[in-house]
Amino acid sequence: MALRPLVAGNWKMNGSRKALAEIGAMAEGYDAALRARVDLMICPPTPLIHQAALQALGTRIAIGAQDCHSETSGAFTGDVAAEMLAEAGASAVIVGHSERRQYHAETDAQVAAKAFAAIRAGLTAIVCVGETRAEREAGKALTVVGRQVQRSVPENATPETVIVAYEPVWAIGTGLTPTAADVAEVHALIRKKLVRQHGKDAAGIRILYGGSVKPSNARELMAVANVDGALVGGASLKAADFLGIAAAYR
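What you are looking at is a predicted structure, and each value in this text was computed from that prediction instead of being measured.

A. Structural view of the pairing of strand β1 (residues 6-10). The buried count for β1 comes to five of five residues, which makes it a mostly enclosed element. Direction of pairing for β1 relative to strand β2 (residues 39-43): parallel, over a ladder of five bridges. Among the inter-strand pairings, G9 is bridged to a residue of β2, identified as I42. Bridging between β1 and strand β8 (residues 229-232) involves four bridges; their strand directions are parallel. Paired with V7 across the two strands is A230, which belongs to β8.

B. Local environment of unusual backbone geometry. In this structure, K12 takes a positive phi of about 55° despite not being glycine. Examined against the element boundaries, K12 turns out to sit in the loop between β1 and α1 (21-29). Backbone geometry at S212 places phi at a positive 60°, although glycine is not the residue there. Secondary-structure assignment places S212 in the loop between β7 (207-210) and α10 (215-222). The class of S212 is buried, set by a relative accessible area of 14%.

C. Highlighting the packing of aromatic side chains. Summed over the entire model, instances satisfying the criterion amount to one aromatic pair. Above the face of the W170 ring, R133 is positioned so that its terminal group lies 4.9 Å from the ring centre.

D. Representation of the sheet that holds strand β4 (residues 92-95) within the structure. What the eight strands build is a closed barrel, ordered β1-β2-β3-β4-β5-β6-β7-β8; its pairing is parallel. Strand-to-strand twist across the sheet, computed as the mean angle between neighbouring axes with direction ignored, equals 25°. Where strand β5 (residues 124-129) meets strand β6 (residues 162-166), five bridges bridge the pair, whose relative direction is parallel. Following the sheet pairing, I126 is matched in β6 by I163. On top of the sheet, α1 reaches β2 and β3 (61-65); it is set at about 145° to β3, its chief contact.

Reading the values: the criteria
Residues numbered from 1 in each chain as written. Predicted model: local features only at pLDDT ≥ 70, side-chain atom pairs only at ≥ 80, totals over all residues. Heavy atoms only, no water. Buried < 20%, exposed > 50% of the residue type's maximum accessible area, 1.4 Å probe, protein only. Helix = DSSP H or I, 4+ residues; strand = E, 2+ residues; numbered from the N terminus. Pairing = 2+ DSSP bridges. Phe/Tyr/Trp six-rings, centres within 6.5 Å; stacked < 30°, edge-to-face > 60°. Lys NZ or Arg CZ within 6 Å of the ring centre and 35° of its normal. Axes fitted to C-alpha atoms, helices over the stretch in contact; angles between N-to-C directions. Contact = heavy atoms within 4.5 Å.

Structure, rendered in structure tokens:
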């Protein structure tokens, strides 16, 4: 099944009000030909979401968030509910990123709860999965990713409400990337798991690849079977680099 691809940018804890000008530059390069072939999304830090959403009005560039809490409200100092993100102008939220799993000890169950909350709020949940270097070298990559998909993707997942992003932890920000064959193997496993868990309609759930994606390797990676776009880190901070990745779909 040929799915409409998505190239999403995760700014992480980077950016400022001045950096939002990059969204304007992205919009200038997101011409009709490119809009016909690929969706674009930027996920800035939470304080910038509302301003980014205003900046993106009329551009067809979606704005997402980087995390949410599983509850709608409560005594959770510093946390943000999915409903709050929706009110700020986000249409999606990343959950279960490896940095959240590592630095905040998030479990698969917590990730699933956050994804469910995102769907509850009308957001698309971008559920991240991926193995560490040690797990890959031990031959456990497929086992780890399969388990994360099974436990992190909520039961009510549909192509409209969930996107899965495969990001091998060892490739994030390191300049290292798995081979095309490795990516194809993991994405095929993810597709199989999704269909097995959620029925044949899950064949329409987009699966993104993330981990040192840049203009120089985007075309090769985006051409891999079951790769329906990219979740981009550092290369999404500059319009030229981000558009260079999206250009793989021209």
